[in-house]
Amino acid sequence: MLVEKEIRGLSGWLLVCFLIATLIAGVMQLGPAALAGSSFLVIFWLVVIIVAVVCFRGLTVVNPNESKVILLFGVYQGSIKHPGFRWVNPLTVRRKLSLRVRNFESGKIKVNDRDGNPIEIAAVVVWRIVETFEAVFNVDDYEHFLHVQSEAAVRMLAMSYPYDAAEEEHSLRRAVGEVTERLRHEIQDRLAKAGIEIIEARISHLAYAPEIAGAMLRRQQAGAVIAARQKIVEGAVGMVEMALDQISRKHLVQLDEERKATMVSNLLVVLCSERGVEPVVNTGTLYQ
């Protein structure tokens, strides 16, 4: 199986000097050869001039972070990655490839998450070409291939996780690090034969689809209220328990079960209420 083969070519400056000298010599010798009536010398120097002119076509410039893929009559000769002014066989076809780091953002994709909820998701992919032979010859259009496979990977990722879940379960919204790494690996696996390296892949847009966004927002708000209430009640029960324990341990007052129940009720109302409470002064006793 063919793989990338790096070549350097010849120095372009050296060949330019040589070809210019050859042209000058050919032109200077062509006149005397014609005056001397030597058909052989005339043809020889004409061929030299023509070959020198054709050889100028072999000069090529390779910029930094750029590559030239060299083909000779359909046969892969190699890739020039070393920047500079180079010369190669003038009969070859040279295809320029950028090795720079590039990125693209996929469009918003509507897909169902693992729980079946319709969501909108998009991703930003940072990539570059690392294997020029595979990028040119293994796929028809490497950029189009990258876009299609990246969107397919984003769909697969969205179907593997719920949009949101409890803290102990991974989800698209909570497990950012895991989701990002899995997305990068998923895209990289799909592009392994295209000579492309995925540097980073990150979700850039994540939201419920418009038709259920309102209902899901209310559900999230309800879940947040329940979670907050649960924390408040847990804290209030702990404080009541601590208060009763300290009263009993320091012998501040003797409380029977009825008085304890009343005290617990009052403390829970004070600690769990959303509004400020107003004290009520009891002028009698609990038994009247």
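Residue numbers here run from 1 along each chain, matching the order of that chain's written sequence. Note on the predicted model: pLDDT of at least 70 is required for a residue's local features to be given, and 80 or more for side-chain atom pairs to be given and counted; whole-chain, interface and lining totals, by contrast, use all residues. Excluding hydrogens and water, the side-chain values take into account all heavy atoms of the structure.

Trainee: How do you make sense of the overall build of the protein chain when you look at a structure like this?
Mentor: In terms of helices and strands, the protein chain carries seven helices and 11 strands. A burial count over the protein chain gives 32% of its 288 residues as buried. By definition in these notes, contact holds between two residues if any of their heavy atoms fall within 4.5 Å. Restricting the contact set of the protein chain to residue pairs at least 6 apart, pairs at least 24 apart contribute 67%. Only carbon and sulfur atoms are counted for the fraction: they give 60% of the accessible area of the protein chain, which is about 18,000 Å². Numbered from the N terminus, helices here are DSSP runs of H or I no shorter than four residues, and strands are runs of E no shorter than two. Burial here depends on accessible area, computed with a 1.4 Å probe over protein chains only, as a share of the maximum for the residue type. Under 20% is buried, over 50% is exposed, and the range in between is partly exposed. To be clear on the numbers: accessible area is Shrake-Rupley with a 1.4 Å probe, and residue cover counts the displayed protein chains and nothing else.

Trainee: What is the right way to read helix α1 (residues 12–35) from this model?
Mentor: Structural remark: α-helix, 3.6 residues per turn; residues separated by three or four positions point the same way. Helix length check: α1 (24 residues) gives 35 Å between terminal C-alpha atoms against 34 Å at 1.5 Å per residue, within 8%. The complete set of buried residues in α1 reads G12, L15, V16, L19, T22, G26 and A33. On its buried face, α1 sits against β2 (10–11), α2 (39–55), β3 (59–62) and β6 (84–87). One or two positions beyond α1, positive phi appears at G37, with a value near 75°. Residue count minus one, scaled by 1.5 Å, sets the expected span of a helix.

Trainee: I would appreciate a short explanation of the sheet that holds strand β1 (residues 6–7) in the present structure.
Mentor: Note: strands within a sheet are paired through backbone hydrogen bonds, in either parallel or antiparallel orientation. When DSSP finds at least two bridges between two strands, those strands are taken to pair. Ordered by their spatial adjacency, four strands build an open sheet running β1-β5-β4-β7, and the pairing between neighbours is mixed. In this open sheet, the two strands that pair with only one neighbour each are β1 and β7 (93–98). Strand direction decides the pairing type here: strand β4 (residues 66–72) and β7, joined by six bridges, are antiparallel. Within the sheet, the bridge partner assigned to I70 lies in β7 and is R94.

Trainee: Looking at this structure, I do not really get the packing of aromatic side chains. What am I missing?
Mentor: In this description, an aromatic ring pair is defined by two values, namely the gap between the centres and the angle between the planes. The pairing test for Phe, Tyr and Trp rings, Trp by its six-membered ring, is centres within 6.5 Å, and the orientation test on the planes gives stacked under 30 degrees, edge-to-face over 60, and tilted for anything in between. According to the stated counting rule, one finds eight aromatic pairs in the structure shown. Ring centres of F133 and F137 lie 5.0 Å apart, and the angle between their planes is 45°; on these two criteria the pair is classed as tilted. Of the two residues, F133 and F137 both sit in helix α3 (residues 132–137), four residues apart, roughly one turn of that helix. For F133, a relative accessible area of 8% puts it in the buried group. An aromatic cluster of at least three residues, connected via ring pairs, comprises F40, F44 and W45.

Trainee: Any chance you could explain the environment of L91 here in plain terms?
Mentor: Examined against the element boundaries, L91 turns out to sit in the loop between β6 and β7. Residues L91 and L72, spaced 19 residues apart in sequence, show a C-alpha to C-alpha distance of 6.7 Å.

Trainee: How should the nonpolar core be read in this particular structure?
Mentor: The tendency in soluble globular proteins is for nonpolar side chains to be buried as a group. Core analysis: the largest hydrophobic core is formed by 36 residues, its most contacted members being W127, Y142, L183, I187, I196 and I198. Within the residue set of this core, elements represented by two or more residues are β9 (109–112), β10 (118–129), α3, α4 (142–160), α5 (176–190) and β11 (196–208). When neighbours within four sequence positions are excluded, L183 is seen to be in contact with A123, A153, V154, L157, A201, R202 and I203. Nonpolar cores were defined as sets of buried Ala, Val, Leu, Ile, Met, Phe, Trp, Tyr and Cys residues, with membership established by side-chain atoms within 4.5 Å. Core analysis: the next-biggest nonpolar cluster, separate from the first, contains eight residues, L15, A52, C55 and L59 among them.

Trainee: Just checking my understanding: could you explain α2 for this structure?
Mentor: Taking 1.5 Å of rise per residue, 17 residues should cover 24 Å, and α2 covers 24 Å from first to last C-alpha, within 8% of that figure. Those residues of α2 that fall on the buried side of the exposure criterion are W45, V48, I49, A52 and C55. Along the long axis of α2, the arc covered by the buried residues comes to 130°, so they all point the same way. Relative to its buried face, α2 has exposed residues pointing more than 90 degrees away, namely S39, F40, I43 and I50. Tucked into the core, α2 has its buried residues touching α1, β3 and β6. Throughout, the arc means the angular range of directions from the helix axis out to the C-beta atoms.

Trainee: Quick question: what am I supposed to make of the environment of P64 here?
Mentor: Within the secondary structure, P64 is located in the loop between β3 and β4. Sequence separation between P64 and L99 is 35 residues; the distance between their C-alpha atoms is 8.6 Å. In this structure P64 touches P83 and R100, once residues within four positions along its chain are discounted.

Trainee: Please explain the sheet that holds β2 as it appears in this structure.
Mentor: What the three strands build is an open sheet, ordered β2-β6-β3; its pairing is antiparallel. This sheet does not close on itself; its edge strands, each paired only once, are β2 and β3. Of the strand pairs in this sheet, β3 and β6 are connected by four bridges, and their pairing is antiparallel. Opposite V62, over in β6, you have G84 as the bridge partner.

Trainee: How do you make sense of the packing of α1 against α2 when you look at a structure like this?
Mentor: Axis definition: a line fitted to C-alpha atoms, limited for helices to the stretch in contact. Angles are taken between N-to-C directions and run from 0 to 180 degrees. As a packed pair, α1 and α2 sit with axes 9 Å apart at the nearest point and diverge in direction by 160°. Judged by the angle between their axes, α1 and α2 are roughly antiparallel. As α1 runs across α2, the sense of the crossing is left-handed. Between α1, through L19, T22, L23, A25, G26, V27, Q29, L30, A33 and A34, and α2, the contact on the second element is made entirely by L41, V42, W45, L46, V48, I49, A52, V53 and C55. Each angle receives one of four descriptions, namely roughly parallel if under 35 degrees, roughly antiparallel if over 145, roughly perpendicular if within 65 to 115, and oblique otherwise. We call a crossing left-handed when the near helix sits turned anticlockwise from the far one by less than a right angle, and right-handed when that turn is clockwise.

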